[in-house]
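# Overview (structure and organization)
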Amino acid sequence: MKSFLTGLVVLASVIAAPAMADTYPAKTTRLIVGYTAGGASDVIGRLIANELSNMNGKPVIVENRPGVGGMLGLNVVATSPPDGYVLGVAVSGTMVTGPHLQKNTPYDPLTAFEPISMVAKAPMVMLASPSVADPTVRGFVKEAKDKPGELMFASGAQAFELAMQLFNAKAGVKIGSVTYPGGGQAAMDVMAGRVPIMVDTIGAQQANIKAGKLKAVAVLDSKRSSVLPDVPTVAEAGVPGYEAVGWVGIVAPKGTPKDIVAKLNTQLRTIMAMPAINEKLTLLGFEPSTGTPQAFDQTIHTEYAKWGEVVKTSGIAAQ
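A brief report on the enclosed structure follows. (Residues numbered from 1 in each chain as written. Predicted model: local features only at pLDDT ≥ 70, side-chain atom pairs only at ≥ 80, totals over all residues. Heavy atoms only, no water.)

### Remarks on the nonpolar core
Threshold: Residues grouped as a nonpolar core are buried Ala, Val, Leu, Ile, Met, Phe, Trp, Tyr and Cys residues, joined through side-chain atoms within 4.5 Å. Exposure classes here rest on a 1.4 Å probe applied to the protein chains alone. A residue is buried below 20% of its type maximum, exposed above 50%, and partly exposed in between. Strands are runs of DSSP state E lasting at least 2 residues, helices are runs of H or I lasting at least 4, and numbering of each runs from the N terminus. By the convention used here, residues are in contact when the closest approach between their heavy atoms is within 4.5 Å.
Core analysis: the biggest nonpolar cluster contains 50 residues, and Phe167, Ile175, Leu220 and Tyr242 have the highest contact counts within it. Looking at this core element by element, the count peaks at seven residues for helix 6 (residues 158-171). Setting aside chain neighbours within four positions, we find leucine 220 in contact with Met124, Val125, Met126, Ala163, Val199, Val234, Tyr242, Glu243 and Ala244.

Below you can see the structure in the form of structure tokens.
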């Protein structure tokens, strides 16, 4: 009798599973953004929220919960009921780099979430001052080897610091860092020639690149950017195997039903393929990039291990 009842429970769960996606969403969904309104993550979140609302006929409300480098907002997601009504905008900084730089991360990025889909990449670019005589990857590698300890780069964020530390490891050099409160301040000193190199997102420095105030040396992604098609990748320019890219994705609390995750994944992929969305993201310096929940999960695990090793070998201390 007990086994018969157990069988009925299992059968009921199997029958109910597709029905959950069929009726989802039945109420308002919260999309948590761990940054203030107006930033790139917030803009992307609002574009997605608007389209999901239109698709499903139920509101998706963006809720900004800034703090701890975006981790406060993701912790709200991690500790919410796994029913599909709380989603989070997850970025590479809060999932695969930041946790290695914080002594106390409030969640485990590898186990606390159901990855739904990556939605966009935020390609980074190595930039040089216009006053640099040889603004190329090979030129910087040669200078760093000829004058050990003298060449410096301007670091405006932890992600850019790690990108350059990975460059040091792959190129076999040691370019030192000068720390700034943000990319804007770092760019000012590089444009003035006080520091020769920096890394930033393409979107943040598009205007300065176009104006000739900064020289785009190489894209840090594994492929060239559609925004800067004539700029080589770091790997093409002389450091094989190098890749560093920021990204934005959508996650749900661990345990969110798989059929709801699958439905959201399909909808996100449809949204990111819309020409109007593509155009808006390109203006921000992003490139739409989607895939399966499994592919996103694999990216998180691979990148987490990769940047953990960079932090370990570079000797950067967790704060």
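### Observations concerning the layout of surface pockets
For the record, the criterion: The distinction between a cavity and a pocket rests on a 1 Å grid over the protein atoms alone: a 1.4 Å probe fits inside a cavity but cannot get out, while a pocket stays open yet meets protein on both sides within 12 Å along at least five of seven lines, and a residue with an atom within 4 Å of a point counts as lining. Grid points are joined across faces, edges and corners, and a volume is the space filled by probe spheres set on the points. Each residue gets one of three labels, nonpolar for Ala, Val, Leu, Ile, Met, Phe, Trp, Tyr, Cys and Pro, charged for Asp, Glu, Lys and Arg, and polar for the others, Gly among them.
In this model, the largest pocket occupies a volume close to 850 Å³. Secondary structure elements with two or more residues in the lining of the largest pocket: helix 2 (40-56), helix 4 (92-101), strand 4 (113-128), helix 6, helix 8 (202-210), strand 9 (245-253) and helix 11 (293-314). Top contributing element to the lining of the largest pocket by residue count: helix 4, with six residues. Among the residues forming the lining of the largest pocket, the class breakdown is 20 nonpolar, 16 polar and two charged. In this structure, the second largest pocket is lined by 13 residues; those nearest its centre are Ser155, Ala157, Gln158, Glu161 and Thr179. Secondary-structure elements contributing two or more residues to the lining of the second largest pocket are helix 6 and strand 6 (176-179). The biggest single contributor to the lining of the second largest pocket is helix 6, with three residues.

### Points about empty space enclosed by the protein
All chains considered together, the criterion is met by two cavities of 30 Å³ or more. There is about 50 Å³ of room inside the largest cavity. What lines the largest cavity is Tyr24, Pro25, Thr29, Leu52, Asn56, Lys58, Pro59, Val60, Leu87 and Leu264. For the lining of the largest cavity, the class distribution of residues is seven nonpolar, two polar and one charged. Estimates place the volume of the second largest cavity at around 30 Å³. Those elements that place two or more of their residues in the lining of the second largest cavity are strand 4 and helix 11. Tallying contributions element by element places helix 11 first for the lining of the second largest cavity, with three residues. Of the residues assigned to the lining of the second largest cavity, the class counts are six nonpolar, two polar and one charged.

### Regarding the environment of tyrosine 107
What counts, and what does not: Polar contacts, as used here, are pairs of N or O atoms within 3.5 Å; protein pairs need one atom able to donate a hydrogen and one able to accept it. Residues neighboring in sequence count only if both atoms are side-chain atoms.
As for its placement among the helices and strands, tyrosine 107 is situated in the loop between helix 4 and strand 4. For the pair tyrosine 107 and glycine 182, spaced 75 residues apart in sequence, the C-alpha separation works out to 26 Å. Here threonine 94 takes part through its backbone oxygen, which lies 2.7 Å from a polar atom of the side chain of tyrosine 107.

### A short note on unusual backbone geometry
For the bond from tyrosine 24 to proline 25, the omega torsion is -5°, close enough to zero to count as cis. Looking at the secondary structure, you find proline 25 in the loop between helix 1 (2-23) and strand 1 (29-33). Although it is not a glycine, valine 68 sits at a positive phi angle of roughly 55°. By the secondary structure assignment, valine 68 is in the loop between strand 2 (60-64) and helix 3 (71-78).

### Observations concerning the pattern of salt bridges
What counts is decided by this rule: Every case where a carboxyl oxygen of Asp or Glu lies within 4 Å of a side-chain nitrogen of Lys or Arg is listed as a salt bridge.
Inspection of every chain in the model, using the stated rule, returns nine salt bridges. A salt bridge links arginine 46 to aspartate 42; the shortest N-O distance between them is 3.0 Å. Here arginine 46 and its partner aspartate 42 are both found in helix 2, four residues apart, which amounts to about one turn of the helix. Arginine 46 sits in the partly exposed class, given a relative accessible area of 38%. Since its relative accessible area comes to 3%, aspartate 42 is described here as buried. Among the salt bridges present, the one from lysine 306 reaches glutamate 303, with a minimum N-O distance of 3.8 Å. Here the residue lysine 306 and the residue glutamate 303 both occupy positions in helix 11, the gap between them amounting to three residues, near one helical turn. Residue classification places glutamate 303 among the buried residues on the basis of a relative accessible area of 11%. Overlapping salt bridges bring together Arg30, Glu63 and Arg65 as one network.

### Overview of the side chain of histidine 100
With respect to the helices, strands and loops of the structure, histidine 100 is situated in helix 4. Those residues in contact with histidine 100 that sit more than four places away from it in its chain are Tyr304, Trp307, Gly308, Val311 and Ala318.

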